[in-house]
Amino acid sequence: TQLLEQSPQFLSIQEGENLTVYCNSSSVFSSLQWYRQEPGEGPVLLVTVVTGGEVKKLKRLTFQFGDARKDSSLHITAAQPGDTGLYLCAGTTSGTYKYIFGTGTRLKVLA
Amino acid sequence: ETGVTQTPRHLVMGMTNKKSLKCEQHLGHNAMYWYKQSAKKPLELMFVYNFKEQTENNSVPSRFSPECPNSSHLFLHLHTLQPEDSALYLCASSFGSAAGGLAQETQYFGPGTRLLVL
């Protein structure tokens, strides 16, 4: 069974701090996505990475796909209260459209 | 606002009730999905429809019955649920493929229906 483990599970930090969230698996994925879900809302797609070693930046967010395409990280620089939410990674394997979702990291940024 | 709406937003039902969840997308998509999000488990895919045809039933119990009358609407009919079915039920849509393949499509999620089964 494919499983995506995210760490940490919970994270509470002060505004302005940096943080990194990890998404790890023993399986190889053909693509991996990161979502943010705010309370009372559905997940919203942040980024999709498809190439091993790929790095994508979205303002203060930096996403990296591992060289072996088994893991990914999300780094947030100078976190703001608006970054608060549940961060989910989701991976898909070649030949299927089904995304396996990670266990999630709940981030709270305190003003 | 992602263009995917779900009603009701909250639902409380007894185990003997019959209720339905509704999802509507205004994005011109042709694929629609039902997911279950429980407190202690990862998001789980339940059903997939592509051009109104069900292409995926992820071993979901028969007390959950999906219906897709057209590409814009998706329903989840609920009957004799159990307390462990309490969860956030999310609908999503994507472009879809007339050829049948849905590989790596971007999915747009609705806000979900928070269901409590007593």
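Anything mentioned here points back to the structure above.
Model, not experiment: these values are computed from the prediction.

## Points about unusual backbone geometry
Residue and element names in this part refer to chain A. Residue Pro8 follows Ser7 across a cis peptide bond; omega there is -5°. Structurally, the position occupied by Pro8 is in the loop between strand S1 (5-7) and strand S2 (10-14). In the Ramachandran plot, Lys59 falls in the positive-phi region, its phi being about 55° despite a non-glycine side chain. Among the secondary structure elements, Lys59 is positioned in the loop between strand S6 (55-58) and strand S7 (61-65). Look at Lys59 and you get exposed, because its relative accessible area is 84%. Positive phi is not limited to glycine here, since Ala78 has a value of about 50°.

## A closer look at the environment of Ile100 of chain A
Residue and element names in this part refer to chain A. Its place among the elements puts Ile100 in strand S10 (residues 100-101). In this structure Ile100 comes out as partly exposed when scored by relative accessible area, which is 25%. As for Ile100 and Leu4, which are separated by 96 residues in sequence, their C-alpha atoms are 7.3 Å apart.

## Some remarks on the sheet that holds strand S8 (residues 73-79) of chain B
What holds strands together in a sheet is hydrogen bonding between their backbones, with the strands either parallel or antiparallel. Residue and element names in this part refer to chain B. The four strands are arranged S1-S3-S8-S7 in an open sheet whose pairing can be described as antiparallel. Each edge of the sheet is formed by a strand with only one pairing partner; in this case those strands are strand S1 (4-7) and strand S7 (64-70). Each strand of the sheet is rotated relative to its neighbour by a mean of 20°, with strand direction disregarded. Bridging between S7 and S8 involves five bridges; their strand directions are antiparallel. Counted as the bridge partner of Pro66 is Leu76 from S8.

## Notes on the sheet that holds strand S3 (residues 19-24) of chain A
All names here are of chain A. One open sheet accounts for five strands, arranged S1-S3-S8-S7-S6; its pairing is antiparallel. In this open sheet, the two edge strands, each paired with only one partner strand, are S1 and S6. Averaged over neighbouring strand pairs, the angle between their axes works out to 15° when direction is ignored. As paired strands, S3 and strand S8 (residues 71-76) are joined by six bridges and run antiparallel to one another.

## Some words on the interface of chain A and chain B
If you look at the interface, chain A gives 21 residues, while chain B gives 22 residues. Together, the buried faces of chain A and chain B total about 1,600 Å²; carbon and sulfur atoms form 57% of this surface. The interface formed by chain A and chain B holds zero salt bridges in total. Mapped onto the side of chain A that touches chain B, the elements with two or more residues apiece are strand S4 (31-37) and strand S9 (85-92) of chain A. When the residues that make up the side of chain A that touches chain B are grouped by side-chain class, the tally is nine nonpolar, ten polar and two charged.

## A closer look at the packing of aromatic side chains
Counted under the stated rule, the structure contains seven aromatic pairs over all chains. Measuring from ring centre to ring centre gives 5.6 Å for Tyr35 of chain A and Phe101 of chain A, while their planes differ by 40°; the resulting arrangement is tilted. Here Tyr35 of chain A, found in strand S4, pairs with Phe101 of chain A, found in strand S10; they are 66 residues apart in sequence, far enough to count as distant. Overall, Tyr35 of chain A belongs to the buried group, its relative accessible area being 0%. Measuring from centroid to centroid gives 5.3 Å for Tyr35 of chain B and Phe109 of chain B, while their planes differ by 45°, and the two rings are tilted. Highlighted residues: Tyr35 of chain B in strand S4 (residues 31-37) and Phe109 of chain B in strand S10 (residues 108-109), separated in sequence by 74 residues. The exposure class of Tyr35 of chain B is buried, given its relative accessible area of 1%. Through pairs of rings, three or more aromatic residues link up here, namely Tyr35 and Phe101 of chain A together with Tyr33, Tyr35 and Phe109 of chain B.

Quick notes on the rules
- Residues numbered from 1 in each chain as written.
- Chains lettered and ligands numbered in written order.
- Predicted model: local features only at pLDDT ≥ 70, side-chain atom pairs only at ≥ 80, totals over all residues.
- Heavy atoms only, no water.
- Helix = DSSP H or I, 4+ residues; strand = E, 2+ residues; numbered from the N terminus.
- Buried < 20%, exposed > 50% of the residue type's maximum accessible area, 1.4 Å probe, protein only.
- Pairing = 2+ DSSP bridges.
- Axes fitted to C-alpha atoms, helices over the stretch in contact; angles between N-to-C directions.
- Contact = heavy atoms within 4.5 Å.
- Buried area = accessible area lost by both parts, 1.4 Å probe.
- Salt bridge = Lys/Arg side-chain N within 4 Å of Asp/Glu carboxyl O.
- Nonpolar A, V, L, I, M, F, W, Y, C, P; charged D, E, K, R; others polar.
- Phe/Tyr/Trp six-rings, centres within 6.5 Å; stacked < 30°, edge-to-face > 60°.

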